[in-house]
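# Overview (structure and organization)
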Amino acid sequence: MAKDKDLEKNTVSRTQLKLEAEKLQSLGLKLCDLSISKLKALDLPPNLFEAILAMQKITSNGAKRRQSQYIGRLMRNFDATELNTIMTFWDQQELKEKQHFHNIELWRKRLVEEPGSFNDFLTKFPTEEKLILLNTIKEAVEEKNQDKPPKYNRELFKLLKKIIEK
């Protein structure tokens, strides 16, 4: 009786095994979205690396499903703890970059639409390029009012990015 209880505690249920296999398969699918240079940086086993490259080339849905199952099977033989850590770090970096881009875009929009926001920008990001910035904002506002293509809006974004990233 006591041995049966100990055995039950040490064994993992089939449901738990399936969940772990699905997690590994989904991690493998996330790997398929990475560039080749990032995949090489991960130092994956050769067969897993080749399976991921093959998956990136497949267009048929049925073939993708079979290939993803194959990648999941290969992932079971691979210790994914370090890989999970690296992927989480990359996801956080990507999120930070998106937030930074969004911040620049908000400043560009604000500077074009709100005339008083120029002083707010300068207090937060002091720069020596005040005249260039002011002229670019002026051109972007005129461009917007006349429904012209957004040439100066793009220039303003580049200038803001340069100033903010100093």
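Attention here is on the structure that accompanies the text.

What counts, and where the lines are drawn
- Residues numbered from 1 in each chain as written.
- Predicted model: local features only at pLDDT ≥ 70, side-chain atom pairs only at ≥ 80, totals over all residues.
- Heavy atoms only, no water.
- Helix = DSSP H or I, 4+ residues; strand = E, 2+ residues; numbered from the N terminus.
- Rg over C-alpha atoms; globule rule 2.2 N^0.38 Å.
- Buried < 20%, exposed > 50% of the residue type's maximum accessible area, 1.4 Å probe, protein only.
- Areas by Shrake-Rupley, 256 points an atom, 1.4 Å probe, with all protein chains shown as cover.
- Lys, Arg positive; Asp, Glu negative; His and termini not counted.
- Charge placed at Lys NZ, Arg CZ, Asp CG, Glu CD.
- Core = buried A, V, L, I, M, F, W, Y, C linked by side-chain atoms within 4.5 Å.
- Contact = heavy atoms within 4.5 Å.
- Salt bridge = Lys/Arg side-chain N within 4 Å of Asp/Glu carboxyl O.
- Axes fitted to C-alpha atoms, helices over the stretch in contact; angles between N-to-C directions.
- Parallel < 35°, antiparallel > 145°, perpendicular 65-115°, else oblique.
- Nonpolar A, V, L, I, M, F, W, Y, C, P; charged D, E, K, R; others polar.

The next thing to look at is the overall build of the protein chain. In terms of regular secondary structure, the protein chain is built from nine helices and zero strands. For the protein chain, the α and β elements follow one another from N to C terminus as α-α-α-α-α-α-α-α-α. Computed over its C-alpha atoms, the radius of gyration of the protein chain comes to 26 Å, more than 25% above the 15 Å expected for a compact globule of 166 residues. Viewed in the frame of its principal axes, the protein chain has a C-alpha envelope of about 80 × 40 × 25 Å. Going through the 166 residues of the protein chain one by one, you find that 30% of them count as buried. A total of about 12300 Å² of accessible surface is found on the protein chain, and carbon and sulfur atoms cover 52% of it. Of the side chains in the protein chain, 31 bear a positive and 25 a negative charge, and the two mean positions are spaced by 4 Å.

With that settled, consider the nonpolar core. Leu31 and Leu44 are the most contacted members of the largest nonpolar core, which has 20 residues in total. Every element with two or more residues in this core is listed here: α2 (14–32), α4 (46–57), α5 (61–75) and α6 (81–113). The element best represented in this core is α4, accounting for five residues. With residues up to four places along the chain from it excluded, the contact list for Leu44 reads Leu31, Leu39, Phe49, Ile52, Phe78 and Leu83. Listed in part, the 17 residues of the second largest apolar core include Phe118, Leu156, Phe157 and Ile163.

Our focus in this paragraph is the pattern of salt bridges. On inspection of all chains with the given rule, the structure shows seven salt bridges. Linking Glu114 and Arg110 is a salt bridge whose minimum nitrogen-to-oxygen distance equals 3.5 Å. Here Glu114 falls in the partly exposed class, since its relative accessible area comes to 40%. Taking the relative accessible area as the measure of exposure, Arg110 reaches 29% and is therefore partly exposed. The salt bridge partner of Lys144 is Glu113, with a shortest N-O separation of 3.5 Å. Pair noted here: Lys144 is in helix α8 (residues 130–145) and Glu113 is in helix α6, with a separation of 31 residues, a long-range link. Looking at Lys144, the relative accessible area reads 42%, which means it is partly exposed. Taken together, the shared-partner salt bridges connect Arg110, Glu114 and Asp120 into one network.

Moving on, we come to the packing of α6 against α8. Packing of α6 against α8 leaves a shortest axis separation of 9 Å and a crossing angle of 75°. With respect to α8, the element α6 is oriented roughly perpendicular. Along the contact surface, α6 presents Leu111, Val112 and Glu113, while α8 presents Ile137, Ala140, Val141 and Lys144. In the contact of α6 with α8, the residues fall into five nonpolar, no polar and two charged.

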